[in-house]
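Survey of secondary and tertiary structure
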Amino acid sequence: ERLERSGRCLRAALARGRLRRRLPALLLAITVLGSALKDSDLVPDTPLQNKRNPLNVYFVKVAWAWTLWLLLPFITLTTYELAWSKFLYGRTKSALLVLRRLGALLVGTAVWYLCTELFIYVENLTGECSLQGKPGQPPRLYTSKRECQQDSGVWNGFDISGHCFLLSYCAMMILEEVAVLEALSIDHSSKLRVVINVLFVSLCFLTMIWVFMFLCTALYFHDFSQKLLGVLIGLSAWYGTYRFWYLKPFSPGLPLPNIPLSSKKHSYSR
């Protein structure tokens, strides 16, 4: 019963679109205000400013893995149940729809990988190594952050905030995917409902962690321009997929299948 009540409360807050509409502006506001507080030295010292804090080590450092492994069963179960019970698809067509929707996770993995590699490339391209040379040895030319750090140097480059990018992208992706609960109706006594509620509550809890750690990043790490560019790339990746590409026929599609594109556009913009 507690799980059911928690699911209903979180569904009202997350799955019906209110937070989904407001979160992009909230993330941008956090970036601006958090950076202003950081630059003004108004942020108190807390354990969260240490990169080795548990939330950063065990959650943020593997943020995409957490998001992927919770969305994988959630998308599978909700898409199959929706196709089977509400849209009366056969088992084969329902399974194919599940595979199509799981393509969103492949797209997300590609976005995460390509953007991460881009950030590393930009930092290597714009940086230089600060290292105390040994007497009698000619200065060495370093071409990457890894080479510099291997010799205990400090690499100074334009470090686009990977945290701001990934946390914003993961949070928005989760909110888009849980929108499927708007159309899903499962009997209260069903074990499937319990499993979906567990996954849904876990995803909501994970989203709260991502937003909280996004706030910590804005308050304690990176320059304003690095954070702003990171969150803009994350929001652009979300917008380019869920608000543009996934409305097209040849795409993983949106979480609510078999709805005319005009209706989908309305649902995802309200």
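Since we're looking at a predicted model, the values are computed, not measured.

Criteria and thresholds
Residues numbered from 1 in each chain as written. Predicted model: local features only at pLDDT ≥ 70, side-chain atom pairs only at ≥ 80, totals over all residues. Heavy atoms only, no water. Helix = DSSP H or I, 4+ residues; strand = E, 2+ residues; numbered from the N terminus. Buried < 20%, exposed > 50% of the residue type's maximum accessible area, 1.4 Å probe, protein only. Contact = heavy atoms within 4.5 Å. Patch = residues over 30% accessible without salt bridge, like charges linked within 9 Å, V, L, I, M, F, W, Y side chains within 5 Å. Areas by Shrake-Rupley, 256 points an atom, 1.4 Å probe, with all protein chains shown as cover. Salt bridge = Lys/Arg side-chain N within 4 Å of Asp/Glu carboxyl O. UniProt positions renumbered as here; feature names shortened; annotations may be inferred. Expected span 1.5 Å × (residues − 1).

Some words on unusual backbone geometry
Phi is positive for Asp41, which is not a glycine, with a value near 55°. Here Asp41 is to be found in the loop between α2 (18–39) and α3 (54–58). We classify Asp41 as exposed; its relative accessible area is 69%. Residue His222 is not a glycine yet carries a positive backbone phi of 65°. As for its placement among the helices and strands, His222 is situated in the loop between α8 (191–220) and α9 (224–242).

Things to note about the side chain of Ser168
Along the polypeptide, Ser168 turns up in helix α7 (residues 162–177). Ser168 gets classed as buried once you look at its relative accessible area, which sits at 0%. Once residues within four sequence positions are removed from consideration, Ser168 is found in contact with Leu27, His163, Phe214, Val231, Gly234 and Leu235.

Comments concerning a nonpolar patch on the surface
A cluster of nonpolar residues, Val32, Leu33 and Phe224, forms a patch on the protein surface that exposes about 270 Å² of accessible area. By the element assignment, Val32 lies in helix α2. Accessibility expressed as a relative area gives 43% for Val32, which makes it partly exposed.

As for the UniProt feature "transmembrane region" (unreviewed entry) in the protein
Within this numbering scheme, the UniProt entry marks residues 62–82, 102–122, 196–222 and 228–246 as carrying the feature "transmembrane region" (unreviewed entry). Secondary structure content for residues 196–222 is 93% helix and 0% strand, and the end C-alpha separation is 37 Å. Secondary structure across residues 228–246 divides into 79% helix and 0% strand, with the first and last C-alpha atoms of the span separated by 25 Å.

Some thoughts on α7
Taking 1.5 Å of rise per residue, 16 residues should cover 22 Å, and α7 covers 22 Å from first to last C-alpha, within 8% of that figure. α7 sits mainly inside the fold: 14 of its 16 residues count as buried.

Structural notes on the environment of Trp238
Note on placement: Trp238 falls in helix α9. What makes Trp238 buried here is its relative accessible area of 6%. Residues contacting Trp238, with those up to four places away along its chain left out, are Pro24, Tyr169, Met172, Glu176 and Arg243.

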